Amino acid sequence: MLRFFNTLSRQQEEFHPLEEGKVRMYICGPTVWNFAHIGNFRTFVFGDILRRYLKFKGYDVTHVFNLTDIDDRIINEAAARNISIDEFTAPFIQYFWEDFDALGNERPEVTPRATHHIQEMIDIIAKLLENGHAYESDGSIYYRITAFPDYGKLSRIKFEGNITGGSERIDTDKYEKEDARDFALWKLVGENEEPGWDAPFGRGRPGWHIECSAMSMKYLGETFDIHAGGQDLQFPHHENEIAQSEGSTGKLFSKYWIHSEFLKIDDVTMSKSKGNFFTFRDLREQGYSALAIRYLLLSVPTRKQLNFTFEGLQGAESTVERLRNFRQLVAEGGNPNGSEGAPSPVEAAVCTALERFEAAMDDDFNTAAALAAIHDLVREINTTLAGSGLKNEDRDAVLDAIVKFDSVLGIFGAEDSTSLDAEIELLVEERQEARRNRDFARSDELRDLLSEKGIVLEDTKDGVRWKKK
Ligand code: AMP
Ligand code: ZN
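Description of the structure in this document. Model, not experiment: these values are computed from the prediction.

This paragraph deals with the overall build of the protein chain. Helix and strand counts for the protein chain stand at 14 helices and 16 strands. Taken over the C-alpha atoms alone, the protein chain extends approximately 95 × 50 × 45 Å along its principal axes. Out of the 469 residues in the protein chain, the part that is buried amounts to 53%. Pairs at least 24 apart in sequence give 73% of the contacts found in the protein chain among residues at least 6 apart.

Next comes the structure, spelled out in structure tokens:
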């Protein structure tokens, strides 16, 4: 049974989706004003592990992952360059997906952009105005925190004495808890100013928080299963999303909330503003593989902080190399003369590893323990390979287990069957050449070599055919 920590209840809970067999989840995506750094990708790779593990457990997953293509920073950067916000964000959207794909993440089902959902935001704001959860002031629209008594239920920040009942407001998208005040839903924009959209309550542009309420509820319904994002989004972003959504629908917004801890560097949170960051591209240019970066990012459970070091990344590089070689060795390692019929210790080891893997992931997505189960299996099978070798069924059982682990983690690399096939073709061709030259000793040698790799040769009238035993 899958259990994980729900920020809303501050407890580990058993996971029960609203609708049997289906999971609807929303993860806050990047603000596309620059390259995403590997801290951002730690959170997004966890999002990928989450979706893949839910699928592994048999759920039908709808995963919505938004792109924030309008916020204070984007508007300022575009204005500084004298270009539209679309022109400014287009390359960063492209770079983002390139990096996202290169890191082996599966594309979510829906990847909405904020600027394409302005009408949905306007509709929610209109409802909030109607039911008294929002008000107009100086042409902008603000959320009235005192109208939502549950405000603070996610972040558990005590706001008493802090909330002034509408006399103070905040316009910036990001702010600290000391600034817990009525926040902007819709910001007044002048007639000729861009970007701006017409709304019944005046020309303006949306605040940051309203976009996620609009995009999540549009694609997942008013109540859905899981909402996730980085730790820093708990307040104010997610707190405000709850206030807006529940304030407008009167229903529970998301049943479970998951927050990822930060990637740190020298014990300081990696961030753009501190300048202590590496992008995915920085590390690729230094020669590190995408697989190693992915491995490093997922190696520590998401609710624990991860300190980035180059030694750690180097270690991840060796580990993924070892895993890739292991898969290759196993694929080539079938031995038809293995002790048929005897109860196989390999089979038992595979079963144990799969059980340990699932138990670890069921336990609040404990990727560290899941990886330990994999590494223990690798060690055991390597010993078998160095000794009596693997029976064909055992080889297949190990390969199947790798496919299962990798459907969740994606750390073994692509199954390189094409290069394996090419290598076999070459050996078959070389044997043909030896036969044409009447070098039968060499031809027999090559047949044996191929047989060791589990390949049988058949002479047909169209030439030699090969197949895997
Ligand atoms: P942003 O593009 O600023 O909206 O951030 C995208 C996501 O990255 C959010 O979920 C943040 O919480 C997350 N994030 C930002 N910095 C880090 C970090 N150092 N470690 C992990 N996640 C982070
Ligand atoms: Zn969001």
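Around the zinc ion (ligand 2), the protein supplies Cys 28 (SG), Cys 212 (SG) and His 237 (NE2) as donor atoms, at distances of 2.1 to 2.2 Å. In primary-sequence terms, the residues that donate to the zinc ion (ligand 2) follow C-x183-C-x24-H. In this pair, Cys 28 is assigned in the loop between β3 (22–27) and α1 (38–56) and His 237 in helix α6 (residues 234–249), connecting sequence segments 209 residues apart. Both residues of the pair, Cys 28 and His 237, count as buried.

Further remarks concern α6. When you tally the buried positions in α6, you get 16 out of 16 residues, the bulk of the element. Positive phi appears at Gly 250, one or two residues downstream of α6, with a value of about 75°.

This next bit is on the sheet that holds strand β13 (residues 268–269). Strand order in the open sheet made by the three strands is β13-β12-β14, with mixed pairing throughout. Every interior strand has two partners, whereas the edge strands, β13 and β14 (306–308), have only one. Where strand β12 (residues 263–265) meets β13, two bridges bridge the pair, whose relative direction is antiparallel. Within β13, the residue paired with Ile 265 across the bridge is Val 268.

What follows deals with unusual backbone geometry. The omega angle of the peptide bond from Glu 194 to Pro 195 is -5°, so this bond is cis rather than trans. Position of Pro 195 relative to the elements: it lies in the loop between β8 (182–188) and β9 (204–206). Here the amide bond leading from Phe 235 into Pro 236 is cis, since omega sits at 0°, within 30 degrees of zero. Within the fold, Pro 236 resides in helix α6. Positioned with a positive phi, Asp 364 is a non-glycine residue whose angle comes to about 60°. You can see Asp 364 is positioned in the loop between α10 (345–362) and α11 (367–386). The phi torsion at Phe 365 lies on the positive side, around 55°, for a residue other than glycine. In this fold, Phe 365 is placed in the loop between α10 and α11.

Basis of the calculations
Residues numbered from 1 in each chain as written. Chains lettered and ligands numbered in written order. Predicted model: local features only at pLDDT ≥ 70, side-chain atom pairs only at ≥ 80, totals over all residues. Heavy atoms only, no water. Helix = DSSP H or I, 4+ residues; strand = E, 2+ residues; numbered from the N terminus. Buried < 20%, exposed > 50% of the residue type's maximum accessible area, 1.4 Å probe, protein only. Contact = heavy atoms within 4.5 Å. Donors = N, O, S within 2.8 Å, 3.2 Å for Na, K, Ca; no water. Pairing = 2+ DSSP bridges.

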